[in-house]
Amino acid sequence: MKSIIGVLTTNRMKKSILFFIFFAAFFLSCKDKIATEKPIDARIPVTITAIDTSGMESYIDLNATAAYLVKNNIKANATGYLSSVNVATNDYVTNGTTLFSIKTREAKVLGNTINKIDPSLNFGGAIKILSNTNGIVTMVNVQQGDYVQDGDPLVTINDAKSFAIILSLPFELKKYVSIGQQLNVLLPDATSRTATVTKFEPTVDATSQTQNVVLKTNGKQDLPENLIVKVRINKSSSSSTISLPKSAVLSDETQTNFWIMKLIDNTTAIKIPIKKGIETEDKIEILSPILTRKDQILLTGNYGVADTIKIKVIKNELK
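The structure presented is a predicted model; accordingly, all values stated were derived computationally and were not measured.

Peer 1: Is there a simple way to explain the overall build of the chain in this structure?
Peer 2: Regarding its fold elements, the chain presents two helices and 22 strands. Burial statistics for the chain: of 319 residues in total, 32% are counted as buried. Considering only contacts in the chain between residues 6 or more positions apart, those separated by 24 or more positions represent 72%. Total accessible area computed for the chain in this model is approximately 20,100 Å², and 56% of it derives from carbon and sulfur atoms.

Written as structure tokens, this is what we have:
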């Protein structure tokens, strides 16, 4: 009986020793694993920027069209046959240029006979039709030899002096445009011209509620008719102001509250409510609070974060 009890005791001791050895090995392996694991970096990678104090302009670009306001229709001043046509489409003509000559039916039939009887009469000469303006011929309705009646339209000439840029101005923006004002005209080929506001047409389009404004280009007027250009309207400007890139300014869903994330030390940024002013394509004016060039503002990594965050600067955009 004693021998059986001894055997059981020995087995229990062996199991206890094995369990202790297994537990110690497991504890040591876990300790080694914990020691080799790196701590997780919870800081948010960001880029930072600083304020810009250069001037800002708030503007809007509106479409406008090049056009000739006056189109002269030159008409026949007699009934007869066109004995000459001296003009073609796209020709540039000057005031007093002979465009056509008309020989009446009587002159064509009786001219030679009467002149033989009395050459001093010079009967049967052609009647000249002259241009009454400088401009570009856009349409010729007849050709040599045609029979025309008095008053028939022969040719259409765009009056060069009437060339203008027609701007369709929304009525709510009229307060930003005045007679005599100089505006920039941006062409599709990336060049620009200046134009002077000369007059407002007295009616407003019933559908779009826009009012046509006539602009006269300064210098050479060589733009083709119906060319669509952009006219820049300055709404406000400031020669010296505090601004930030658009991506540095955040807002709520209703676009009523605005803020920035500002560094208070090398690893911490906090939310700062702001009041914004002029806004352009890439910058926003900051009216309050007053920022300085020493202030560091988050440019990226600032979206959807808490009011206070730990950060890690990966790029510095400070000027």
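The rest of the description comes next.
Peer 1: What is the right way to look at the sheet that holds strand E9 (residues 147-148) in this model?
Peer 2: Strand order in this open sheet of four strands is E7-E6-E4-E9, and the pairing throughout is antiparallel. The open sheet has two free edges, formed respectively by strand E7 (127-130) and E9, since each of these has just one partner strand. Note that strand E4 (residues 80-85) and E9 share two bridges and pair antiparallel. Residue pairing for E9: Tyr81 is matched across the bridge by Tyr147.

Peer 1: For this particular structure, what's the right way to read the pattern of salt bridges?
Peer 2: Two side chains that carry opposite charge are able to pair once their charged atoms sit near each other. Scanning the entire structure with this criterion turns up six salt bridges. Taking the shortest distance from any N to any O, the salt bridge between Glu279 and Lys246 comes out at 3.3 Å. Pair noted here: Glu279 is in strand E19 (residues 268-279) and Lys246 is in the loop between strand E16 (243-245) and strand E17 (250-251), with a separation of 33 residues, a long-range link.

Peer 1: So what exactly am I meant to see when it comes to the sheet that holds strand E8 (residues 135-140) here?
Peer 2: Strand-to-strand pairing in sheets goes through backbone hydrogen bonds, with the strands running parallel or antiparallel. The strand order across the open sheet built from four strands is E3-E10-E8-E5, with neighbouring strands paired in antiparallel fashion. Here the strands that pair on one side only, and so sit at the sheet edges, are strand E3 (71-75) and strand E5 (92-93). By the bridge criterion, five bridges tie E3 to strand E10 (residues 153-159) in an arrangement that is antiparallel. Bridging from a neighbouring strand, Lys75 pairs with Pro153 of E10.

Peer 1: Any chance you could explain the packing of aromatic side chains here in plain terms?
Peer 2: In this description, an aromatic ring pair is defined by two values, namely the gap between the centres and the angle between the planes. Scanning the model with the defined rule gives two aromatic pairs in all. If you follow Lys174 out to its NZ or CZ, it ends over the ring of Phe200, 5.1 Å from the centre.

Peer 1: I tried to follow the environment of Thr280 on my own but got confused; where do I start?
Peer 2: Within the secondary structure, Thr280 sits in the loop between E19 and strand E20 (283-288). Sequence separation between Thr280 and Glu57 is 223 residues, and the spatial gap between their C-alpha atoms is 7.1 Å. Each residue touching Thr280, except ones within four places of it in the same chain, is listed here: Met56, Glu57 and Lys246.

Peer 1: Sorry, what's going on with the pairing of E10 here?
Peer 2: In summary, the side chains of a regular strand alternate between the two faces of the sheet. Summarising burial for E10: six of the seven residues are buried, a large majority. Across five bridges, the pairing between E8 and E10 is antiparallel. Across the sheet, residue Met139 finds its bridge partner in E10, namely Thr156.

Peer 1: Would you explain unusual backbone geometry in this entry?
Peer 2: Only a minority of non-glycine residues have a phi that is not negative, and only a minority of peptide bonds are not trans. Here the residue pair Ser288 and Pro289 is connected by a cis peptide bond, since its omega of -5 degrees sits within 30 degrees of zero. Note that Pro289 resides in the loop between E20 and strand E21 (297-300). Phi at Ala190 is positive, roughly 75 degrees, even though this residue is not glycine. As for its position among the elements, Ala190 is in the loop between strand E12 (182-186) and strand E13 (192-204). With relative accessibility at 76%, the residue Ala190 sits in the exposed group. Phi is positive for Gln209, close to 55 degrees, though the residue is something other than glycine. One can find Gln209 in the loop between E13 and strand E14 (210-217).

Peer 1: For this particular structure, what's the right way to read the nonpolar core?
Peer 2: Here is a general trend for soluble globular proteins: nonpolar side chains tend to be buried in one another's company. Counting residues in hydrophobic clusters, the biggest one holds 21 residues, and the most contacted among them are Ile165, Leu167, Leu169, Leu215, Val231 and Ile233. Only strand E2 (56-68), strand E11 (163-170), E12, E13, E14 and strand E15 (228-238) provide two or more residues apiece to this core. When near neighbours in sequence (up to four residues on either side) are disregarded, Val231 contacts Ile60, Asp61, Leu62, Ala64, Ile165, Leu167, Leu183, Asn184, Val185 and Leu215. By size, the runner-up hydrophobic cluster in this structure holds 15 residues, among which are Val137, Val142, Leu154 and Val155.

Conventions adopted
- Residues numbered from 1 in each chain as written.
- Predicted model: local features only at pLDDT ≥ 70, side-chain atom pairs only at ≥ 80, totals over all residues.
- Heavy atoms only, no water.
- Helix = DSSP H or I, 4+ residues; strand = E, 2+ residues; numbered from the N terminus.
- Buried < 20%, exposed > 50% of the residue type's maximum accessible area, 1.4 Å probe, protein only.
- Contact = heavy atoms within 4.5 Å.
- Areas by Shrake-Rupley, 256 points an atom, 1.4 Å probe, with all protein chains shown as cover.
- Pairing = 2+ DSSP bridges.
- Salt bridge = Lys/Arg side-chain N within 4 Å of Asp/Glu carboxyl O.
- Phe/Tyr/Trp six-rings, centres within 6.5 Å; stacked < 30°, edge-to-face > 60°.
- Lys NZ or Arg CZ within 6 Å of the ring centre and 35° of its normal.
- Core = buried A, V, L, I, M, F, W, Y, C linked by side-chain atoms within 4.5 Å.

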